Amino acid sequence: QVQLVESGGGLVQPGGSLRLSCTASGFTFSIYAMNWYRQAPGKQRELVAGITTIGITNYADSVKGRFTISRDNAKSTVYLQMNSLKPEDTGIYYCNRRGIVYDWGQGTQVTGSS
């Protein structure tokens, strides 16, 4: 079955950095575009960044210039490098295949202290 395991979250001061990882199994990773999402407390899950099968990326306006998404198909892993973190980046971060709204992992908590 499909498994998505997110890791790398933590508590970080404003301006700090984190690198999130999401390792996938149970499907052919290389043929799917992948997205990172986040869900802040009391808010709906929102798209943060995406990467196509050939490495074309897109970002939410709120993270452009600060976050970088990348993938390693050999490791079935998608990454999110988060720099210049802000308190409003706080939330649980999830990855998933683009267009898929099920098979979510447990997410990884990012907390930007203020």
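So, here's what we can say about the structure. These figures come from a predicted structure and were not determined experimentally. (Residues numbered from 1 in each chain as written. Predicted model: local features only at pLDDT ≥ 70, side-chain atom pairs only at ≥ 80, totals over all residues. Heavy atoms only, no water.)

### Thoughts on the state of the cysteines
What makes a disulfide is a covalent bond joining the sulfur atoms belonging to two cysteines.
Inference 1: Inspection of the entire model under this criterion finds one disulfide.
Inference 2: Here Cys22 is linked by a disulfide to Cys95, with a sulfur-sulfur distance of 1.7 Å. Residue Cys22 is found in strand S3 (residues 18-25), and its partner Cys95 is found in strand S9 (residues 91-97); the two are separated by 73 residues along the sequence.
Inference 3: Classification of Cys22 by relative accessible area gives buried; the value is 0%.
Inference 4: A relative accessible area of 0% means that Cys95 is categorised as buried. (Disulfide = S-S within 2.5 Å. Helix = DSSP H or I, 4+ residues; strand = E, 2+ residues; numbered from the N terminus. Buried < 20%, exposed > 50% of the residue type's maximum accessible area, 1.4 Å probe, protein only.)

### Notes on the pairing of strand S4 (residues 34-39)
Inference 1: Most of S4 sits out of view: five of its six residues are buried.
Inference 2: The antiparallel hairpin formed by S4 and strand S5 (residues 46-51) contains six residues in its connecting segment, where Gly42 sits at a positive phi of about 75°.
Inference 3: Where S4 lies against S9, six bridges are found, and the strand directions are antiparallel. Within S9, the position partnered with Met34 by the bridge is Arg97. (Pairing = 2+ DSSP bridges.)

### A few points about unusual backbone geometry
Inference 1: With a phi angle near 50°, Ser84 is a residue other than glycine that sits in the positive phi range.
Inference 2: Tracing the sequence through the fold places Ser84 in the loop between strand S8 (77-82) and S9.
Inference 3: Assessed through its relative accessible area of 39%, Ser84 is described here as partly exposed.
Inference 4: Positive phi outside glycine occurs at Asp103, with the angle close to 60°.
Inference 5: Position of Asp103 among the secondary structure elements: in the loop between S9 and strand S10 (108-112).
Inference 6: Judged by relative accessible area, Asp103 falls into the partly exposed class, the value being 32%.

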